[in-house]
Every structure is written in C-alpha cells, then in structure tokens.
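# Examination of the molecular architecture
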Amino acid sequence: MTVEQNVLQPGGAAKHQQTFLNQLREITGINDIQVLQQALKDSNGNLELAVAFLTAKNAKVPQLEEATYYQTALPGNDRYISVGSQADTNVIDLTGDDKDDLQRAIALSLEESNRAFRETGITDEEQAISRVLEASIAENKASLKRTHPEVWSDSPNPYDRKRQDNCPVGLKNVGNTCWFSAVIQSLFNLLEFRRLVLNFNPPANAQDLPRNQKEHRNLPFMRELRYLFALLVGSKRKYVDPSRAVEILKDAFKSNDSQQQDVSEFTHKLLDWLEDAFQIKAEEERDGEKPKNPMVELFYGRFLAVGVLEGKKFENTEMFGQYPLQVNGFKDLHECLEAAMIEGEIESLHSENSAKSGQEHWFTELPPVLTFELSRFEFNQALGRPEKIHNKLEFPPILYLDRYMHKNREITRIKRDEIKRLKEYLTVLQQRLERYLSYGSGPKRFPLVDVLQYALEFASSKPVCTSPVDDLGASAPASSTLPAQTLPSTVEQQGPSSSDVPSTSPVQRSVIHKPFTQSRIPPDLPMHPAPRHITEEELSVLEGCLHRWRTEVENDTRDLQESISRIHRTIELMYSDKTMVQVPYRLHAVLVHEGQANAGHYWAYIYDHHQNRWMKYNDISVTKSTWEELERDSFGGYRNASAYCLMYINDKEQYLIQEEFNKETGQILVGMDTLPSDLRDYVKEDNKRFEKELEEWDAELAQKAQQEKLLSQIPRAPAPSPAPVQAGEPEYLEQPSRTDISKHLKEDSVQAINKALAEQEDRGPEAIMDTAIKLEYTRLLKLAQEDPPPECDYRLRHAIVYFIQNQAPKKIIERTLLEQFGDHNLSFDERCRNIMKVAQAKLEMIKPDEVNMEEYERWHQDYRNFRETTMFLMVGLEFFQKKSYMEALLYLIYAYQNNKELLSKGPYRGHDEELISHYRRECLLKLNEHAAALFESGDDQEVNNGLIIMNELIVPCLPLLLVDEMEEKDIVAVEDMRNRWCSYLGQEMEPNLQEKLTDFLPKLLDCSTEIKGFNDPPKLPSYSTHELCERYARIMLSLSRTPADGR
C-alpha cells in the first residue's frame, strides 16, 4: 500500500505506522528512528528505495532535524507508509554525493509504483509477497520433476493418511509453506475467528464490484479459506492439502523471485486481505450506520502517544495490529514491552521547562486477540545480509497488561519511578557485592572470604626446617677445591662417601647445577608455603584478626545478597496488587522459527483451551505437547529455534474460545454440525472420495490375498539346490522361508534322536520321538535361560529360543518342535524316517481350535523379521567398518526401523536399540561431514556430489532422528548437521555456490517429522544359520574392541 492509497483508506497511517518503522529498523539494523523516518520521507514511502538508501555502502547519513523524530506523533499527520520487500537489485546507485541521482531515483520509483498501481490495483509490497508464494508453488512442482528419485515417498496405503478419532487435522507443506500452516492453524483454533470465516457469505453484488485484481483476489481467497477451514473441521483425512488457497495467492501476484515467507509479514497481509473481504460485505449490509469490520474488531487496538517536543506537549491516538517488539538486549516480554512503550527521554513529561524530548505509548483499547511480533532478525551491514538473534527471551502463559493501560498511567508512572529508584540502588549493592566476590587489584581476583581463609591457613601452617633434598636422600658431597658447577655428573649418582661431612649439616651443603636438572627443588625452600618466623603471640593475634575479619566479610556478603534478593522480589511484585491484574491475556499460540535468517522452518504450539493442554502443529504432524517442550523450543538460547510471533487472547472474553450451541436443544455443536450447509456438503463429498480410496485399497488387498491363496494350493516341483557360495561373498537372494531355515536344524534333530535311541533303544518310534522332543526342548530352554555375551545371540540359532524368551504360547512351541521333527530333511535313514512320519501324523491330528494358525504364523513371521533385522544390522555394520558410509546407511536405517517395530511388541523381540541408533547417527554425521567437505572444495562437480548426498541420503533421513524427541543425542546430531551448513551463510563464496546453498538450506531445515517407508529395501545375502551366527559374532566382537562415543 503506497501513499496514494491513503485517500482510499483514511486513518490507515495510525494503524500501521509503528509496524512499518519497526520492520525498516529490522531490515537495515539502524536503530536511529530519525534516520529511518527521514529515509522514508525522502523515498516518499517506497520501502525498497529507503532500504537501498540506508544499506548502500559508504552512503552518507543525512543530518536530520529533531522535529522529524516526532513527525508521526504530531496531530494532523496522516501519511500512510507501508512495508514491502527488501531492495531490488536493479536500483540506482545512491552511494555517491550527487543529489540529482537520488532525486531521479525517487521520481523513477514513484512513477513505476504509481503506474503499477493504476494498472493492476496491486502495491509494491503486495507484489513482493507474490514472489514468495509463487516460489513456494514452483518448488512443489519442481520436486515432482526431479531426475533423482526421492528416498522417501508417501505411503500408498490410505490408512496411513486416515484421521484418528478426533485428532486435529494437519496441513500439507506444498513447498516452503510451513509459514502458511503455522499461521492458518493458529487462527483456525480461535473458535470465534473460525466461525467468522465459516459463516462468511460473499456479497450478492460481487459481479458489480470494480474490476481490479485486489478485489477479485479477496473473495476467491475467502472462498478457498472457507473450504480449507471446513476440511480442518470435518475431514476424515489425517491432513489436507492447502494448494488451492496458495494457488489463488500465486495467481494474484506474478513474479520470479524466490525466498521463504516471513510469518509476521504474511500474518499482517493475510489480515489485510480478510479485512478487505469483510469490509466489502459490511458495506453491503450497512443500514445508514458506519459498517463494523469483524477483523478490525478482533485484531486491532489503539494506543495513545503522549510526548513532549522542545517543551511542547502533544497527544495522538493510533491504531495497531501486530505489535512489534525488539528482542535484543531484553530477558523477558515485559522488558520488551517497557522499552517499546517509552521512547526517548520521558523526564520532560513531568516538567514544563525541560528542553528534553520523549514520548510514551499507552494502550487505550486492546484487541481481543493481541499479537506480538518478536524482531529476531537484524541486518549485518558488514556482511550485507540479515542475521538471526538467538538470545533467550522468556514470556508467561498469562500476561497482565494493566501497567500499559492509559487509565493506569498515573499509578504506572509512580511504580516505574519506584522501580527505577530500586534498580539504581540495586546497581550500587551489586557493585559492592562484586567487590567482595572479586577481590584484588590484579587480573585474577578471588572472593574476599576465600582470601582471608587462605591467609589464615598460611599463618597456621607449621614451618618446615628440613630440606627436601634430605628427604630424597640425594645430598651432594662437599668440595672446597672444585666449583659446584664443575663437579662430574657421576658424583650425584654415586651418593655420599665415607669421608663426606654428614648431609644433615646445612652449612656445608652445596647446590649442584647441571643442564636439564634445574627442576629440582632448591634445598633451602620448604615443602609447602609456610611462615619462616612467627611467634606464638603473633600467630594468636593474627588468627584472631583473620577469624574476625572473615566473619565480618561473610556477614556483609550475606546481608548484601539478602538485600539484593529482597529488591528483586519487590520489583517482581511491583505490579502484583489487585488493581494491576485486571487485564489478563492468555497465551494462545506461539509461532516458532528454526534456522537462520536466510532459511528455516516454522511450526506452531497452540493451546487447546478445552483439553487444557498444548498441541504442536508441524505441517501434517499434530501431536500433544507440554509447556516444557514449548519453553525449550520457543524461549531461544538453546538451539536455533525460538519464538517469532506470540498470540495472546483476552482471558475474560470467553466467546473467543467458546463452543457453539444449538439454539433449540442447547447442546454443544461439534464437528460437521458446526458447518453451514454448503460446507457440510463439500466436506461430505471429499470424505466420500477418501472412503472410496479406502475401499479400493481393501479390495486390492483382498484380491492379492486370494491370488496368493490360489498359488499356494498349486503343487510345485522341488527346486534344485543352489550352487555353493564362497564364504565372505554371499549371493544376494530372497530371504529363506521357514522351511529353508529348517534345513539347518537337521543336525540338531538327528543328535536329539540319537540321544533318545541311546536311552530307549527298545521303544517304538512314537516314544523315541517324544523323548527326542523333550531333549531338544531342554537344550533350547537352557540356551534361552543363559546370559551370553553380545556376540553370542542364541535366538539366531533356533526360533524356539526366541519364542521362549518372548513367552510364546505353549501350543506354538509344541507345534514348532513337531514341524522340526516332521521335516522331509530327516528322511535319510529308516529310523529318522519313521520318527518323521510320526511327527507328521501328529501334526495332521492337531485340530484347528487347538492352535490358532494365524497367531502361529505371526510368531514365525516375527522371527523371520528378527533374522532379517539382524542381517540388516550386520551388513550395515560391516559396511560402516569399511568406511562405506553411503552403503551402510540404508542397511542401518532399515535395521533401526524394523528393530523398533519388533521392540514395540516386547523387550526381547529385537536388538539393542541404542547400539543401532548410535551407528545410524554416526553414519549420517560422517556423510554430512563428507558432503560439507565436497561443498567447501568449490569445484562444481564436487559441490553437486555433496548436495546429492545431502538431498538424497541425509535430508530424507532427518525425520527419523527427530520423530522421537526424547532421544536427545539424535536431536543434537541434527542440530550439528544443520549448524554446519548454516555456518556458511556468514562466509564469502562464489555467487553460484551462494545460490545453491540458498536453494538447499530450506530443504535441510524444513523437515517434516512424518515417517514414510523407503521405496525399495536393500537386498540381503542368504546365510545359513551357522554362517549368520558366525558373521554376527565376528562383527559384534570387532565392535567391542572399537571405542564408540555415545554408546
């Protein structure tokens, strides 16, 4: 919106003025408001030109008169200055001194801006926003045309996309649109806002509206927003696609520029669009009265600017929407607000004769929904790019705003003066305490109480009169003929001779100095510091003084600390009296940004006011959360994540979050009942399409199951035995079936039969089989009960060991043993063949109700999955030890995922989760380091290879590390990888590298936590049980010899 539009929207200057100045300050990093206002004045409200002027290298700062600082606050000033995008690259050079160039630039900019607005009805900043929206759509479409296949893909199973019970519906990220999801979900969960959108009816005379793009954009967007909200209410899908709403935004603005959208800017423009749409409707329905706009009523408030300029007082009322707050230099939200409400010197407000100038802001009318924009980005003029502020900033769940209200300004001023006085006194006390805690005049200082204690310990130490040389037994022989330094080196080694004077005589002892032996303690120094000469009387007086001084210092320090604590407590409780807690605002939503200024990912924490819990909305993922998690991610200072926008709601205005009631029955309306009839039909149609998708999936599965059943009934010829495979080079085949595994049990079965024959040689085949089964079960039970070392996993030797450890039903174990002894591999001699026939006969006699065959198959399938997981782990670790990290990663990923599924059924169903997690994490870190090294090389081919590794291997795997937020090591690893690439933002590099980095970083930072499966699992080698156990033992032994940090 430009200056010319002020005629169309009177009063707009008061509404947006403060926001624009703050955003210009944020973009340029210049805090002098006189400079900012003069730049906006000289550029006639064109933000791009103002930014170019302020950030141009070596540009001269104009000398401003003090009056310009208060230009926005003076009565009658109706200029409407809006914030747009950053400076375009094709601006006129303003670095010189030629003022004509500056005037030509301003004139050219105004001419272009006016011409564009006359032709399209769209302002510069609206065109700037379009570039971002179109880039998001383009990124989404481009992802479908990539030549390299994605590692992860959406599950074709529609049940994975089915909404569970009444879980909130997520929003799909359609390409760098996490900012859209975060804002829309925050507004959707405001029930009053939701009702306004859902019940919005387009004006009847929509076809008669002026045909400019602005007005023909608002109503279609409003229509799509209604559809989107309706789906969020009643869809049976886990998440819905917002592409149609974003497409309308793209169609409204045409541009080729690309960057990720800013949440506060998007929220500001979104509310503007909605305000325009509701204004059209309000003007149609007005009946001689001034129309009320529900968007203005809900999101906009007013404040009074009270100031003094050169001794003259002034007052001016302004409207505000999002209230901007600076973060840098403040520790909590109240400090930010105090700084934002006071500008300049305010002493003159209480003095008529002071020449100082200043102004205060007082809220006269607060909106029901109060949004704070936290300015966490500042412009680094040295690097020529914005940087993110990661400082910690605390904010409360309940915010009392009484101290900022105009009606309380007198009492607030008194309390501010009292706080100022207390803080000044606090500073004095802290300085005095610091002198006690950091005592001394040198570079190293210590607490005075410790200094006195050390002095007391020194004075009380007993002097040592003997030399340490005596204690070492290395005294040197006396000599009057040779100088000490000329004595041969062997003298010291030989020790004292019989003619030497005894070494206890200190008078005749001489010191021997030799090269490389100067570290020996001189004989005249004591073993530890102690007074050489001190009388008992002196010691008594000194100890008494030191004890007394130490006690005095301790008392003084404690008194100072208690006084400081009392003052802190007094300041904290300054506004806690009953009169200052009458305007409570409850935190409704926190919009979080993770990453750097140039790239990042947004998500939202939104409070469920009816369930009294926090929810985390991260694109398609909606999960329960806690205040502790919100603190960790939102306060800042911990990681690269921090709050960027806070949405508070008036805690006394219950209609904001109140459910809708049926007027006739008085019952609460939920779900589809809250929708108007047209939207209810729309959602029903979409749900029918999704139900049809579910039915088609079920039919497809049923058809496959029928085909498999028919195929299983067709008799098959025995397959020829495969050629022998050399050890160490396994052939990659399909995994063996249970029958294939049973071939490896032949030896165990024969041994059990031989033992049974030795015990009962004269018995029949049935008795021998029973005995053999008991012997085999006893052997396997003993293995299951042992506690072997990690390299010996007896579960791999036999399924029964696995079943026993996981408490499988007895019938499952019995049938498995019968199948082992009824296997055709035992038909090599007459005795075994007879036992095999008996076992087969017993299997046929088992009735269907005696053994649940579905459960039986599930247990054996779990065991096959366990062996498969073991092979994934084993092969992955073998590749890892060979430093083949790209090959190892896929195996370790599948090992972890399969193992996690097994462990969900029981603690002994899988392997050590921490072990697999460690090597999976290490593999990703190694690949990230390799990819970063390739990028740093600067060679085009190497850079491309590094980015391929990141895009096709690492980025798709990051959600696996983030899905379990309790796994701190994985989260830290992801942060390390992201920080490594974000660190390049502040470095000088070639333009093509900068472009590739800018394109890649959003993918690295914008990771959804939705986990999907790989397209194709890696092929596994076919191992016999003996080979599997042998190779597993070998790799596990090698791990035990290799230190692994973090395991």
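Going along each chain's sequence as written, the residues are numbered from 1 onward. Per-residue local features of the predicted model are confined to residues with pLDDT of at least 70, and side-chain atom pairs are confined, for both listing and counting, to 80 or more; whole-chain, interface and lining totals are unaffected and use all residues. To obtain the side-chain values, all non-hydrogen atoms of the structure were included, while hydrogens and water were left out.

For the record, the criterion: UniProt positions are given in the numbering used here, feature names are shortened, and annotations may be inferred rather than shown by experiment.
For the protein chain, an unreviewed UniProt entry supplies the name Ubiquitin carboxyl-terminal hydrolase 25 and the organism Accipiter nisus. In its Catalytic activity (unreviewed entry) section, the UniProt entry covering the protein chain states "Thiol-dependent hydrolysis of ester, thioester, amide, peptide and isopeptide bonds formed by the C-terminal Gly of ubiquitin (a 76-residue protein attached to proteins as an intracellular targeting signal)." According to the UniProt record, the Function (unreviewed entry) comment for the protein chain is "The muscle-specific isoform (USP25m) may have a role in the regulation of muscular differentiation and function."

### A short note on the overall build of the protein chain
We apply this condition: Think of it this way: any DSSP run of H or I at least four residues long counts as a helix, any run of E at least two long counts as a strand, and we number them from the N terminus. Each residue gets one of three labels from its accessible area relative to the maximum for its type: buried under 20%, exposed over 50%, partly exposed in between, using a 1.4 Å probe on protein chains only. Contacts between residues were defined by any pair of non-hydrogen atoms, one from each residue, lying within 4.5 Å. Surface exposure here means Shrake-Rupley accessible area, sampled with a 1.4 Å probe, where a residue is shielded only by the protein chains that are shown.
Helix and strand content of the protein chain: 32 helices and 16 strands. Considering the protein chain as a whole, with its 1047 residues, one finds that 48% of them fall into the buried category. When contacts within the protein chain are restricted to residue pairs at least 6 apart in sequence, long-range pairs at least 24 apart make up 75% of them. When the accessible surface of the protein chain is summed, it comes to about 54200 Å², and 50% of that surface belongs to carbon and sulfur atoms.

### As for a nonpolar patch on the surface
We apply this condition: Two joining distances apply to patches: 9 Å for like charges and 5 Å for nonpolar side chains (Val, Leu, Ile, Met, Phe, Trp, Tyr), and every residue must have over 30% relative accessible area and no salt bridge. Salt bridges are counted wherever a side-chain nitrogen of Lys or Arg sits within 4 Å of a carboxyl oxygen of Asp or Glu.
Judged by side-chain polarity, F661, I668 and V670 come together as a nonpolar surface patch covering roughly 280 Å² of accessible area. With respect to the helices, strands and loops of the structure, V670 is situated in the loop between strand 16 (641-650) and helix 19 (677-713). Overall, V670 belongs to the exposed group, its relative accessible area being 52%.

### Observations concerning the pattern of salt bridges
Within this structure, the stated rule accounts for 38 salt bridges. The salt bridge partner of K392 is E394, with a shortest N-O separation of 3.6 Å. Given a relative accessible area of 47%, K392 falls into the partly exposed group. Each of R223, E224 and R244 takes part in salt bridges that share partners, so that together they form one network.

### Quick look at the UniProt feature "coiled-coil region" (unreviewed entry) in the protein chain
The UniProt record marks residues 680-707 with the feature "coiled-coil region" (unreviewed entry), using the residue numbering of this structure. In this annotation, residues 680-707 is assigned 100% helix and 0% strand; the end-to-end C-alpha distance for the span is 40 Å.

### Structural notes on the pairing of strand 15 (residues 621-625)
Selection criterion: One requirement defines pairing of two strands: DSSP has to find at least two bridges between them.
Where strand 14 (residues 613-618) meets strand 15, five bridges bridge the pair, whose relative direction is antiparallel. What sits directly across from N618, in strand 15, is S621. Between strand 14 and the antiparallel strand that follows it, strand 15, lie two residues; D619 among them carries a positive phi value of about 55 degrees.

### Digging into the packing of aromatic side chains
For any two aromatic rings, the description comes down to two numbers: the centre-to-centre distance and the angle of the planes. Rule in force here: Each pair of aromatic rings taken from Phe, Tyr and Trp, with Trp reduced to its six-membered ring, is defined by centres within 6.5 Å and is described as stacked if the planes are under 30 degrees apart, edge-to-face if over 60, and tilted in the remaining cases.
Under the counting rule described, the total for this entry stands at 33 aromatic pairs. Seen from their ring centres, W981 and F1000 are 5.1 Å apart, and the 70 degrees between their planes marks the pair as edge-to-face. Separated by 19 residues along the polypeptide, W981 in helix 30 (residues 968-982) and F1000 in helix 31 (residues 991-1005) bring together distant segments of the chain. Among the aromatic side chains, those forming a connected cluster through ring pairs are F395, Y607, W614, W627 and F635.

### Notes on the confidence of the model for the protein chain
Residues shown with low pLDDT carry predicted positions that ought not to be read at fine detail. Note the threshold: For every residue, the predictor reports its confidence as pLDDT, a number between 0 and 100.
Confidence in the prediction for the protein chain averages 75 pLDDT; 68% of positions are at 70 or higher. Strand 11 (residues 398-400) holds the highest mean pLDDT among the elements of the protein chain, 94, whereas helix 16 (residues 490-494) holds the lowest, 40.

### A closer look at unusual backbone geometry
Despite not being glycine, D165 shows a phi value in the positive range, around 50 degrees. Position of D165 among the secondary structure elements: in the loop between helix 5 (124-143) and strand 1 (170-171). Given the relative accessible area of 73%, D165 is considered exposed. A positive phi angle is found at N612, which is not glycine, with a value near 55 degrees.

### Some words on the packing of helix 27 (residues 885-903) against helix 28 (residues 913-937)
How two helices pack is summed up by the angle between their axes together with the distance between the axes. Let me state the cut-off plainly: In this description, a line fitted to the C-alpha atoms serves as the axis of each element, helices being fitted only across the stretch in contact, and the angle between N-to-C directions of two axes falls anywhere from 0 to 180 degrees. For this classification, under 35 degrees means roughly parallel, over 145 means roughly antiparallel, 65 to 115 means roughly perpendicular, and everything else is oblique. By convention, the crossing between two helices is left-handed when the near helix turns anticlockwise from the far helix through less than a right angle, and right-handed when the turn is clockwise. Side-chain classes are defined by residue name, with Ala, Val, Leu, Ile, Met, Phe, Trp, Tyr, Cys and Pro counting as nonpolar, Asp, Glu, Lys and Arg as charged, and the others, Gly among them, as polar.
Where helix 27 contacts helix 28, the two axes come as close as 9 Å, and the packing angle between them is 150 degrees. When the axes of helix 27 and helix 28 are compared, the pair comes out roughly antiparallel. Crossing hand, helix 27 versus helix 28: left-handed. Residues Y885, M886, A888, L889, L892, I893, A895, Y896, Q897, N899, K900 and L903 of helix 27 pack against E913, I916, S917, Y919, R920, C923, L924, K926 and L927 of helix 28. Looking at the contact of helix 27 with helix 28 residue by residue, the classes come out as 14 nonpolar, three polar and four charged.

### Here's the deal with helix 14 (residues 448-460)
Put simply, the rule is: What a helix should span is 1.5 Å times the count of its residues minus one. Regarding the arc, it is the one traced by the directions from the helix axis to the C-beta atoms.
Helix length check: helix 14, at 13 residues, gives a terminal C-alpha distance of 18 Å against a target of 18 Å (1.5 Å per residue), a fit within 8%. Taken as a whole, helix 14 has its buried residues at L448, V449, L452, L456 and A459. Projected down its long axis, helix 14 shows its buried positions confined to an angular sector of 105 degrees, all on one face. Buried residues along helix 14 sit against helix 13 (409-437) and helix 17 (536-572).

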